[in-house]
Amino acid sequence: CARVSTAACFSLSSQDLLARSILRENLEHFGARPEQWMETLRSMLWELPGWAGMFHRMEVHTSEAPPNTRVRVADFCAVLSIFLRSSMEDMAAAAGLLDPSSEATLASLLSRPAALNKVHGDEAFQHPSGLAYLDQNMAQREKLEEEMESMLASAVLERGS
């Protein structure tokens with residue numbers, strides 16, 4: 001074990017337990033109840049479309065993974081939850097909503113009545129990452145699409161000149 005990475009020292013079942021333990025801790029920290037874990041995890045994965053599929057493919061087709069690397073979707077999900085938790089805590093602290101020195105957690109912050117309704121009301125479906133991006137919902141889709149089309153058209157015209 002001394003010559004190999006720490007992760008390689010774990011047996012498969014220990015790796016499974018570690019990934020599950022990290023996910024469980026972070027999902028609980030987000031305030032998700034066990035019956036919401038799958039839905040919460042799905043929302044997290046939708047933030048990076050294609051990535052979970054890529055990790056799954058490398059897990060199933062090991063020849064496509066980087067050399068000497070064991071790729072697992074469970075590990076990807078655990079790391080993603082770590083990044084998300086860190087990002088959410090940092091943004092909440094920066095906004096003055098969470099004091100890092102206090103015992104308050106994201107769960108206590110997120111269990112408050114939905115702030116999203118104060119911003120958007122019931123006007124449209126809220127993006128799954130609404131916790132982090134209050135201004136991204138389906139009601140703004142058309143405006144965002146027009147903005148993107150304009151940027152793309154400008155870039156195409158610029159290259160054509």
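Residues numbered from 1 in each chain as written. Predicted model: local features only at pLDDT ≥ 70, side-chain atom pairs only at ≥ 80, totals over all residues. Heavy atoms only, no water.

1. Quick notes on the overall build of the chain
Turning to step 1, where the next piece is worked out: Looking only at helices and strands, the chain has eight helices and zero strands in total.
Turning to step 2, where the next piece is worked out: Its helices and strands in sequence order give the chain the pattern α-α-α-α-α-α-α-α, from N to C terminus.
Turning to step 3, where the next piece is worked out: Counting every position in the chain, which comprises 161 residues, the buried fraction comes to 22%.
Turning to step 4, where the next piece is worked out: The long-range share in the chain, meaning contacts at least 24 apart out of those at least 6 apart in sequence, stands at 46%.
Turning to step 5, where the next piece is worked out: Total accessible area on the chain stands at roughly 11,800 Å², and carbon and sulfur atoms take up 58% of it. (Helix = DSSP H or I, 4+ residues; strand = E, 2+ residues; numbered from the N terminus. Buried < 20%, exposed > 50% of the residue type's maximum accessible area, 1.4 Å probe, protein only. Contact = heavy atoms within 4.5 Å. Areas by Shrake-Rupley, 256 points an atom, 1.4 Å probe, with all protein chains shown as cover.)

2. What about the confidence of the model for the chain?
Turning to step 1, where the next piece is worked out: When pLDDT is averaged along the chain, the result is 76; 72% of the residues meet or exceed 70.
Turning to step 2, where the next piece is worked out: Model confidence for the chain, summarised as mean pLDDT per element, is weakest for helix H7 (residues 115-120) at 45 and strongest for helix H4 (residues 51-60) at 92.
Turning to step 3, where the next piece is worked out: Considering only residues more than four positions removed or in separate chains, one finds that residues 115-128, a stretch of pLDDT under 50, has 25 contacts.
Turning to step 4, where the next piece is worked out: Low pLDDT (under 50) marks residues 130-135, which in the prediction has 12 contacts with non-local residues, meaning those over four places away or in another chain. (pLDDT = per-residue confidence, 0-100.)

3. A few points about the environment of Ala 74
Turning to step 1, where the next piece is worked out: With respect to the helices, strands and loops of the structure, Ala 74 is situated in helix H5 (residues 73-94).
Turning to step 2, where the next piece is worked out: Ala 74 sits 51 residues away from Leu 23 along the chain, and the two C-alpha atoms are 8.7 Å apart.

4. Considering the packing of aromatic side chains
Turning to step 1, where the next piece is worked out: Under the criterion given, the structure shown has two aromatic pairs.
Turning to step 2, where the next piece is worked out: For the pair Phe 55 and Phe 76, a centre-to-centre distance of 4.4 Å together with 20 degrees between the ring planes defines the contact as stacked. Of the two residues, Phe 55 sits in helix H4 while Phe 76 sits in helix H5, which places them 21 residues apart along the sequence.
Turning to step 3, where the next piece is worked out: Judged by relative accessible area, Phe 76 falls into the buried class, the value being 10%.
Turning to step 4, where the next piece is worked out: Grouped by ring-pair contacts, the aromatic residues Trp 51, Phe 55 and Phe 76 constitute a single cluster. (Phe/Tyr/Trp six-rings, centres within 6.5 Å; stacked < 30°, edge-to-face > 60°.)

5. Considerations on unusual backbone geometry
Turning to step 1, where the next piece is worked out: Of note, the phi angle at Asn 68 is positive, near 55 degrees, even though the residue is not glycine.
Turning to step 2, where the next piece is worked out: In this structure, Asn 68 sits in the loop between H4 and H5.

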